[in-house]
Amino acid sequence: MPRLVQIGSRQKARAPDRPGAEAWLPVSLEDARRRGWEQLDVVLINGDAYVDHPTFGVPLIGRLLASRGFKVGIVSQPRWDEASGLADFAACGRPRLFFGVSSGNMDAMVNHYTAAKKRRASDAYTPDAEAGRRPDYAAAVYARKLKKLFPDVPVVLGGVEASLRRLAHYDYWSDRVRRSILLDCPADILVYGMGEQPILEVASRLAAGEDICGLTDVRGSVVKFKDDPEQGWRYLAGPRDREEVWLPSYEEITADKRVYAEFSRLYHLEHNPDNARILIQKHGRELVYVNPPAPPPSTALIDAEYELPFTRLPHPMYGEAKIPAWEQIRFSVTIMRGCAAGCSFCCITEHQGRDVVSRSEASVLREIEGLKNVPGWTGVVSDIGGATANMWQMVCTDDEWHRQCRRASCVYPTVCEKFGTDHAPLIQLMRKARELPGVKRAYVASGVRYDVAFADEQHGDEYVRELVQHHVGGHLKIAPEHISPGVVRVMKKPGKEMFVRFKEMFERYSDEAGKEQYLVPYFISGHPGCEVKDMVELSDYLSENGWRPQQVQDFTPTPMTLATDMYYSGYHPNTGKPVHVPKDAREKEMQRALLQPHLPRYRELSQRARRMAGASPPPRRKVPRPGRAPRPSDSFDAD
């Protein structure tokens, strides 16, 4: 008999059940055997905790391989000390095809250290934010441990850390130029970029019986050869339909910083999959051979990826432990990947690519509708975005132009006339998302490129109004990074005028909606090209507008970015001219202090910096300071 329901009573919606462990990919050989598998095809080694969510790279690759019929297991944050006996690396047994290795969603050194090279006290990608659960240079360490246990099993490197270290690179934490990561560990092949198509090709060809040594022509991959006078390695490389670019050797770029800057200029030209050439760099008696980037995945492929049966939850083995990175994105929805901006300091373009790849509207809406099945759902989508919030469906509108283009940015110094900037489809998506049954709010937390919005004369203003009035949760993070003309030029960011214009629009549309909302601007200190006088200019601007930033960023050199290459070499790779680099510890501290002169610990130092720059006392505030600004939700990233 059905239970009686009191008339007029309100029934609380029943929370969805948490799925059992079988809903995740296997995490041990015993787990695999419970599914009837005696051996796995692929075992993925993951520097992050196992969170079965599409914004976590290793689970995404794992789910994709599993959808193609491969038996896949994941080993997350294995212990690497000798005392553990390396048992964690053997947890899923010996795979039939290969081990895939990634340090996780971040470079391990960025994850571990602040810009001041101080060890971080927490790790947002680890249960309860516990620090120390992965080694420094994790991808290389993992590869060495695997080869020690299973010397004849192929090891494939991937993820952000491997991708950005595929060539020789300046490493800030050891303060030296390091060799390609492929030569610093015994891995067999490196997959760079987001990696779906290369990893599927590697898995399929190995499954078909090819030897790992023969996989030298996979687009989006890097291999190594032994050099010899007769160039016998060309037999292994095989015939190619692309030209080769011989980059300055490792020895040459370590001996001369001008040559290093030229090396940077050369490799930054080869990002367009349509025309990128093969890059070859000599390291002593070894060659690093970089195949052209893989073509961007189709909308159909990434739709299928993001709609795979993710639980969107951490693995049950973590119990009730909190994983901060997951807490932040658990109800976010990725609508696009890649970034056409190419900011000097940002590694997104270097890893995800310049070509924007967008999901279909139908796929995005289906994912949002499916959030109701995730435990903890309250009807709030935390972010509808991606690498950039407002580049969805924005691509080059001229295929012939794209086939020849070598621009590093589609939006700097001006938005390219061939770059489609129509925001109308995005406006429609945002409206449909917030109107879905069960959706109370649908926020946009990803970064907004206001220069791209302004380039859309027909719908740009409407987009900003839609964003401000319906998709801001009290505060909107925005990243002007600086306002000094010389600095933003080096950064490849829009200038102060565009930021002021966006700020005025934000305030006007907030007032029209009757909402008290605040911009939370992000700024960088210590960036190449930035002097103390430039930071004084920025500090004065913040004071005049009543801004007291909660979070600021001291420039952190990360491998393969243009700004890092300037930091190391002292030259701008595109011009060959010297660039001021704030390396002196005292100058860096002064620049940092000028961003937050209101804090007692920075007051005296900021005043000293002003005197050094010959600046007058700070200006009086021109606008009333608003009430206490809400603290940004990603505070775990703070130094």
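Residues numbered from 1 in each chain as written. Predicted model: local features only at pLDDT ≥ 70, side-chain atom pairs only at ≥ 80, totals over all residues. Heavy atoms only, no water.

Participant: Explain the overall build of the protein to me, please; I cannot follow it from the model alone.
Facilitator: Broken down by element type, the protein carries 23 helices and 19 strands. Relative to the 2.2 N^0.38 estimate, which gives 26 Å for 639 residues, the radius of gyration of the protein is 25 Å and therefore close to what a compact globule would have. Counting only C-alpha atoms and orienting by the principal axes, one finds that the protein spans roughly 85 × 70 × 55 Å. By residue count, 57% of the 639 residues in the protein fall in the buried class. Of the contacts formed within the protein by residues at least 6 apart in sequence, a portion of 75% connects residues at least 24 apart. Per element, the accessible surface of the protein, about 27,200 Å² overall, is 50% carbon and sulfur. Treating the 88 positive side-chain charges of the protein as one cloud and the 84 negative ones as another, the clouds have centres 5 Å apart. (Helix = DSSP H or I, 4+ residues; strand = E, 2+ residues; numbered from the N terminus. Rg over C-alpha atoms; globule rule 2.2 N^0.38 Å. Buried < 20%, exposed > 50% of the residue type's maximum accessible area, 1.4 Å probe, protein only. Contact = heavy atoms within 4.5 Å. Areas by Shrake-Rupley, 256 points an atom, 1.4 Å probe, with all protein chains shown as cover. Lys, Arg positive; Asp, Glu negative; His and termini not counted. Charge placed at Lys NZ, Arg CZ, Asp CG, Glu CD.)

Participant: Where do I start with unusual backbone geometry in this structure?
Facilitator: Note on backbone geometry: most residues besides glycine have negative phi, and most peptide bonds are trans. The omega torsion across tyrosine 412 and proline 413 is 5°, close enough to zero to call that bond cis. With respect to the helices and strands, the residue proline 413 is situated in the loop between α14 (399-404) and α15 (424-434). Despite not being glycine, arginine 312 has its phi angle at roughly 65°, a positive value. With respect to the helices and strands, the residue arginine 312 is situated in the loop between α10 (299-306) and α11 (324-329). Phi at glutamine 393 takes a positive value of approximately 65°, unusual for a residue other than glycine. Take glutamine 393: it is sitting in the loop between β15 (383-386) and α14.

Participant: For this particular structure, what's the right way to read the packing of α15 against helix α17 (residues 460-470)?
Facilitator: Two quantities define a packed helix pair, namely the angle between the axes and the distance from one axis to the other. Axis separation between α15 and α17 bottoms out at 10 Å; the angle between their running directions is 20°. Of the possible angle classes, the one that applies to α15 and α17 is roughly parallel. The two elements α15 and α17 cross, and the hand of that crossing is left-handed. Along its contact with α15, which presents Leu426, Ile427, Met430, Arg431 and Arg434, the element α17 presents Glu462, Tyr463, Glu466, Leu467 and His470. (Axes fitted to C-alpha atoms, helices over the stretch in contact; angles between N-to-C directions. Parallel < 35°, antiparallel > 145°, perpendicular 65-115°, else oblique. Left-handed = near helix turned anticlockwise from the far one by under 90°.)

Participant: What should I look at first to understand the sheet that holds strand β19 (residues 553-554) in this one?
Facilitator: Within a sheet, adjacent strands bond to each other through the backbone by hydrogen bonds, running parallel or antiparallel. Spatially, the three strands line up as an open sheet ordered β17-β18-β19, and their pairing is parallel. Of all strands in the sheet, those with a lone pairing partner are β17 (475-481) and β19, marking the two edges. With two bridges connecting them, strand β18 (residues 518-525) and β19 associate as parallel partners. If you follow isoleucine 524 over to β19, its bridge partner there is glutamine 553. (Pairing = 2+ DSSP bridges.)

Participant: Just checking my understanding: could you explain the pairing of strand β12 (residues 332-337) for this structure?
Facilitator: Every regular strand shows the same layout, with side chains that alternate between the two sheet faces. The buried count for β12 comes to six of six residues, which makes it a mostly enclosed element. As judged from the four bridges shared by β12 and β15, these two strands associate in the parallel manner. Within β15, the position partnered with methionine 336 by the bridge is glycine 386. With two bridges joining them, β12 and strand β13 (residues 357-358) adopt antiparallel strand pairing. From the neighbouring strand, methionine 336 faces β13, where its bridge partner is serine 358.

Participant: Where do I start with the side chain of aspartate 456 in this structure?
Facilitator: For aspartate 456, the location among the structural elements is in the loop between α16 (450-455) and α17. Among buried Asp, Glu, Lys and Arg side chains, aspartate 456 stands out as unpaired, with arginine 501 the closest opposite charge at 10 Å. Aspartate 456 has contacts with Thr421, Asp422, His423 and Asp461, leaving out every residue within four places of it along the chain. (Salt bridge = Lys/Arg side-chain N within 4 Å of Asp/Glu carboxyl O.)

Participant: Where do I start with the sheet that holds strand β4 (residues 155-157) in this structure?
Facilitator: Judged by pairing direction, the sheet is mixed, and its nine strands sit side by side in the order β2-β1-β3-β4-β7-β8-β11-β10-β9 without closing on themselves. In this open sheet, the two edge strands, each paired with only one partner strand, are β2 (72-76) and β9 (244-246). Here the strands of the sheet are splayed against their neighbours by 25° on average, with no regard to which way each runs. Those strands touched by helix α2 (residues 57-67) are β1 (42-46), β2 and β3 (98-102), and its axis lies near 170° from that of β1. In the packing of helix α4 (residues 138-149) onto the sheet, the strands contacted are β1, β3 and β4, and the crossing angle to β3 comes to about 155°.

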